[in-house]
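Descriptive analysis of the structure
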Amino acid sequence: MTHPTALRSTLVRAAATTALLAPLGLAAAQPAQAVTGVQLEKDVVRLINAERKKAGCSALRIEPKLTRAASLHSYDMRLKNYFSHTSEDGRSPWTRIKAQGYNYGSAENIAAGQRTAASVVSAWMKSTGHRKNILNCKNKAVGVGVSRGSGKYWIYWTQDFGTR
């Protein structure tokens, strides 16, 4: 039988080792699925704001109403297994954005299948139309929605932009 003091000492050493190694990236990394949807959304905003800064645009602020519109659209695409700016019920991005109480919607980017924020932003930046939306300095607000778990692409992304 292990003595309680010896067990406690072993646990303290293990915790201290993990605390020292984690900042160096030497402790076990979290699996990709452990990253929350909210964290993915924040990472997208951080990455697009870095691109905007390089282009001389101001950073976008996160607008909760745009986030809600984007999140609902990503969820709807995943749930109903489609990929389009037009909802299955015929609603446009502008209708969905206004339904959330935001009247200044200006653009929408969607994507599907990219597993990380970096990969989806990279894909958008390689696409002329999506890049134009991200780097439009008239845009002042953004909402990002991600939905994972099923559907043809497993992960769906929506980015809604606004001018106020």
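The structure contained in this document is the topic of the report that follows.

Reading the values: the criteria
Residues numbered from 1 in each chain as written. Predicted model: local features only at pLDDT ≥ 70, side-chain atom pairs only at ≥ 80, totals over all residues. Heavy atoms only, no water. Helix = DSSP H or I, 4+ residues; strand = E, 2+ residues; numbered from the N terminus. Buried < 20%, exposed > 50% of the residue type's maximum accessible area, 1.4 Å probe, protein only. Areas by Shrake-Rupley, 256 points an atom, 1.4 Å probe, with all protein chains shown as cover. Phe/Tyr/Trp six-rings, centres within 6.5 Å; stacked < 30°, edge-to-face > 60°. Core = buried A, V, L, I, M, F, W, Y, C linked by side-chain atoms within 4.5 Å. Contact = heavy atoms within 4.5 Å. Polar contact = N/O pair within 3.5 Å; in protein donor to acceptor, adjacent residues only side chain to side chain. Salt bridge = Lys/Arg side-chain N within 4 Å of Asp/Glu carboxyl O. Expected span 1.5 Å × (residues − 1). Disulfide = S-S within 2.5 Å.

Attention shifts here to the overall build of the chain. Looking only at helices and strands, the chain has six helices and four strands in total. Put simply, the chain runs from its N terminus to its C terminus through helices and strands in the order α-α-β-α-α-β-α-α-β-β. The burial tally for the chain puts 34% of its 164 residues in the buried class. As displayed, the chain offers around 9500 Å² of accessible surface, 58% of which is attributable to carbon and sulfur atoms.

One pair of aromatic rings is described through two measures. These are the centre distance and the angle between the planes. Scanning the model with the defined rule gives three aromatic pairs in all. Residues Tyr 102 and Tyr 104 carry aromatic rings whose centres are separated by 5.7 Å and whose planes lie at 85° to one another, so their mutual orientation is edge-to-face. You can call Tyr 102 buried: its relative accessible area is 4%.

Our next topic: the nonpolar core. In a soluble, globular protein the nonpolar side chains are often hidden away together inside. Among the nonpolar cores identified, the biggest contains 19 residues, and Val 44, Ile 48, Val 120, Trp 124, Val 142, Trp 157 and Phe 161 are the most heavily contacted of them. Of all the elements, helix α5 (residues 117-125) adds the most residues to this core, at five residues. Excluding its chain neighbours within four sequence positions, the residues that come into contact with Val 142 are Val 45, Ile 48, Leu 60, Arg 61, Ile 62, Glu 63, Leu 66, Thr 67, Gln 159, Asp 160 and Phe 161.

This part covers the side chain of Thr 158. Inspection of the secondary structure puts Thr 158 in strand β4 (residues 155-162). Judged by relative accessible area, which is 0%, Thr 158 ranks as buried. Within the structure, Thr 158 has its side chain in polar contact with the side chain of Ser 74 (distance 2.8 Å). Apart from residues no more than four positions distant in its own chain, Thr 158 is found in contact with Ala 70, His 73, Ser 74, Met 77, Glu 108, Asn 109, Ile 110, Gly 143, Val 144 and Gly 145.

The next thing to look at is the pattern of salt bridges. If you walk through the whole model with that rule in mind, you get six salt bridges. We note a salt bridge from Arg 61 to Glu 63, for which the minimum N-O separation is 2.9 Å. Relative accessible area serves as the criterion here: at 38%, Arg 61 is assigned to the partly exposed category. Of the residues examined, Glu 63 reaches a relative accessible area of 10% and is grouped as buried. Between Asp 89 and Arg 91 there is a salt bridge; the shortest N-O distance is 2.9 Å.

Here helix α3 (residues 64-80) is 17 residues long and its end C-alpha atoms lie 24 Å apart, about the 24 Å a rise of 1.5 Å per residue gives. Within α3, burial applies to Leu 66, Thr 67, Ala 69, Ala 70, His 73, Ser 74, Asp 76, Met 77 and Arg 78. Against the buried residues of α3 lie α2 (37-54), β1 (61-62), α4 (93-99), β2 (105-112), β3 (141-148) and β4. Near the N-terminus of α3, the side chain that reaches the backbone nitrogen of Lys 65, with its oxygen 3.0 Å away, is that of Glu 63. After α3 finishes, the residue Asn 81 shows a positive phi value of roughly 55°.

Turning our eyes to something else, we now look at unusual backbone geometry. Phi angles above zero are rare outside glycine, and Asn 81 is one such case at about 55°. Take Asn 81: its relative accessible area is 45%, and that puts it in the partly exposed class. With a phi angle near 70°, Trp 154 is a residue other than glycine that sits in the positive phi range. Here Trp 154 shows up in the loop between β3 and β4.

On inspection of all chains with the given rule, the structure shows one disulfide. With its sulfur 1.8 Å from that of its partner, Cys 57 forms a disulfide with Cys 137. When the S-S torsion is -75°, as for the bridge of Cys 57 with Cys 137, the disulfide is left-handed. With a gap of 80 residues between them, Cys 57 in the loop between α2 and β1 and Cys 137 in the loop between α6 (128-134) and β3 connect regions that are remote in the sequence. Here Cys 137 falls in the partly exposed class, since its relative accessible area comes to 34%.

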